[in-house]
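# Examination of the molecular architecture
Okay, here's what each chain looks like letter by letter:
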Amino acid sequence: MTIKPLGERVLVKMDKVEEKTAGGIFIPQTAQEKTQIAKVEAIGDDVKTIKVGQKILHDKYAGTSVKMDNDEYLILNIKDVLAIVG
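Here is a short report on the structure shown in this document. (Residues numbered from 1 in each chain as written. Predicted model: local features only at pLDDT ≥ 70, side-chain atom pairs only at ≥ 80, totals over all residues. Heavy atoms only, no water.)

### A look at the overall build of the protein chain
- Per the secondary structure count, the protein chain includes 0 helices and 6 strands.
- When the elements of the protein chain are put in sequence order from the N terminus, they spell out β-β-β-β-β-β.
- Looking at the protein chain as a whole, 30% of its 86 residues qualify as buried.
- When contacts within the protein chain are restricted to residue pairs at least 6 apart in sequence, those whose partners lie at least 24 apart make up 55%.
- Total accessible area on the protein chain is roughly 6,000 Å²; 51% of this is exposed by carbon and sulfur atoms. (Helix = DSSP H or I, 4+ residues; strand = E, 2+ residues; numbered from the N terminus. Buried < 20%, exposed > 50% of the residue type's maximum accessible area, 1.4 Å probe, protein only. Contact = heavy atoms within 4.5 Å. Areas by Shrake-Rupley, 256 points an atom, 1.4 Å probe, with all protein chains shown as cover.)

Structure (structure tokens):
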């Protein structure tokens, strides 16, 4: 199954949050903060500012979560993309 965002939307794959601290302590999934950095997987036809494969920083509470093939994705409006991470 593939997802193609429409218009000014972007499909991003969430970066995995480190489950273990540098000191070796494991942090449960429920206690971890949601990451705001993601990799662009697909873009809508009206998106001109970012490209597939780039890493972006997005608004913390933006987008719609989608699970596919045990991976977590987010569909964002382009206005919720704050920066390109280089």
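Next comes the rest of the account.
### Remarks on the sheet that holds strand β6 (residues 81–85)
- Strands sit in the order β4-β5-β1-β2-β3-β6 across an open sheet of 6 strands; the sheet is antiparallel. Single-partner strands in this sheet number two, and they are β4 (64–68) and β6. Sheet twist, expressed as the average angle between the axes of neighbouring strands with direction ignored, equals 40°. (Pairing = 2+ DSSP bridges. Axes fitted to C-alpha atoms, helices over the stretch in contact; angles between N-to-C directions.)

### A look at the pairing of strand β2 (residues 37–43)
- Bridge count for strand β1 (residues 9–14) against β2 is 5 bridges, and the pairing is antiparallel. Within β2, the residue paired with L11 across the bridge is A42.
- With 3 bridges joining them, β2 and strand β3 (residues 55–58) adopt antiparallel strand pairing. What sits directly across from A38, in β3, is I56.

### Points about the environment of G44
- When you line up the elements, G44 lands in the loop between β2 and β3.
- Through-space distance from the C-alpha of G44 to that of E8 is 5.6 Å; in sequence the pair is 36 residues apart.

### As for the pattern of salt bridges
- This structure, assessed with the given rule, holds 2 salt bridges.
- We note a salt bridge from D71 to K13, for which the minimum N-O separation is 3.5 Å. Of this pair, D71 sits in strand β5 (residues 71–77) while K13 sits in strand β1, placing them 58 residues apart in sequence. (Salt bridge = Lys/Arg side-chain N within 4 Å of Asp/Glu carboxyl O.)

All we've got here are geometric facts, nothing functional implied.
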